[in-house]
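Overview (structure and organization)
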Amino acid sequence: MTEAIAAQDSVEPGDTEDRTVSFTQMKDGTREEYLLLQRYEAAHHTDTAERLLREMRLQAEETIPGYQITRLEHALQSATRAHREGAGLDWVVATLLHDIGDGLAPQNHDRFAAEILRPFVRDEVTWVVERHGAFQMVYYAHHYGWDQYEREKYRDNPYYQTCVDFCERWDQSSFDPAYESEPLAFFEPMVREVFLRKAYDEAVLQTGVVKGLAA
Ligand SMILES: [Fe+2]
Ligand SMILES: [Fe+2]
């Protein structure tokens, strides 16, 4: 097994030849085996956007009852508003995905989405997605007897106002069944572009830089 693996120089996406490691515990793996896995993993990374888009399509079927629109329609409407306001690529993609955790992490959906985005978009954008749940509470939490102003604990953060604006203009406003959103296909190339970026590239992250929704 090890020799056969060592003879392979590359594994391209779509390569159908089956090669597997022989170890049953990670600690027994050889260097050659880990090099093989590294090549498979690189191909796996390039397909991240496809897996995310698949989850978004599910949000049309597995939605939360009671709203006038599905979770996918909310995502499309939010992202369409961002796009029509001239927001940059990071914002449009992040807005599309901001509630992607509704299905798999309904108790911490904001942080779930932020971790997906964190390696690939501006730090400001990730921060906003991570906190949007708390910021959105200003619109409804009082009806449950909760603290409507949870967001105030972030008042001194440089990204505070950006999150206020995100919630007001693109998130809380996007539950309208009459709004004509772009279809998911419109956003697919944007999602692919963002998730093919080099992960954690500081030129992309721009940590600490405040640009607001326009950038
Ligand atoms: Fe949300
Ligand atoms: Fe939302």
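Residues numbered from 1 in each chain as written. Chains lettered and ligands numbered in written order. Predicted model: local features only at pLDDT ≥ 70, side-chain atom pairs only at ≥ 80, totals over all residues.

**Quick look at the packing of helix α3 (residues 48–58) against helix α9 (residues 184–195)**
- For the pair α3 and α9, interaxial distance at closest approach is 9 Å and the crossing angle is 145°. The chirality of how α3 crosses α9 is right-handed. For the pair formed by α3 and α9, the contact residues are T48, A49, L52, L53, M56 and R57 on the first element and L184, E188, V191, R192 and F195 on the second.
- Classifying every residue of the contact of α3 with α9 gives seven nonpolar, one polar and three charged. (Axes fitted to C-alpha atoms, helices over the stretch in contact; angles between N-to-C directions. Helix = DSSP H or I, 4+ residues; strand = E, 2+ residues; numbered from the N terminus. Left-handed = near helix turned anticlockwise from the far one by under 90°. Contact = placed C-beta atoms within 7 Å. Nonpolar A, V, L, I, M, F, W, Y, C, P; charged D, E, K, R; others polar.)

**A look at the nonpolar core**
- Within the largest apolar cluster, 38 residues are counted, with the highest numbers of intra-cluster contacts made by L97 and L117.
- Elements that contribute at least two residues to this core include exactly α3, α4 (71–84), α5 (89–97), α6 (109–117), α7 (123–136), α8 (160–171) and α9.
- The element best represented in this core is α5, accounting for six residues.
- Sequence-distant contacts of L117, that is, excluding residues within four places in its chain, are made with A94, L97, V125, T126 and V129. (Core = buried A, V, L, I, M, F, W, Y, C linked by C-beta atoms within 7 Å. Buried ≥ 20, exposed ≤ 12 C-beta atoms within 10 Å, placed from the backbone.)

**Concerning α8**
- Its twelve residues give α8 an end-to-end C-alpha distance of 15 Å, which sits within 8% of 16 Å, the value for a rise of 1.5 Å per residue.
- Residues of α8 that are buried include every one of T162, C163, F166, C167, W170 and D171, and no others. Taken around the axis of α8, the buried residues stretch over an arc of 135°, which confines them to a single face.
- Buried-residue contacts for α8 involve α4, α5 and α7. (Expected span 1.5 Å × (residues − 1). Arc of directions from axis to C-beta.)

**A look at α6**
- Buried residues of α6: F112, A113, A114, I116 and L117, and no others.
- Residues of α6 that are buried in the fold lie against α5 and α7.

**Brief notes about unusual backbone geometry**
- For Y200, which is not a glycine, the phi torsion comes out positive at approximately 60°.
- Position of Y200 relative to the elements: it lies in the loop between α9 and α10 (202–205).
- Residue Y200 is classed as exposed on the basis of its C-beta count, with 10 C-beta atoms lying within 10 Å.

**Considerations on the packing of α4 against α8**
- The contact between α4 and α8 brings their axes to 9 Å, and the two run at 110°. It follows that α4 is roughly perpendicular to α8 by the angle criterion. Between α4 and α8, the contacting residues are S78, R81 and A82 on the first element and R169, W170 and D171 on the second.
- When its residues are assigned to classes, the contact of α4 with α8 shows two nonpolar, one polar and three charged. (Parallel < 35°, antiparallel > 145°, perpendicular 65-115°, else oblique.)

**Section: the environment of Q38**
- Positionally, Q38 belongs in helix α2 (residues 31–46).
- For the pair formed by Q38 and T162, sequence separation is 124 residues and the distance between their alpha carbons is 38 Å.

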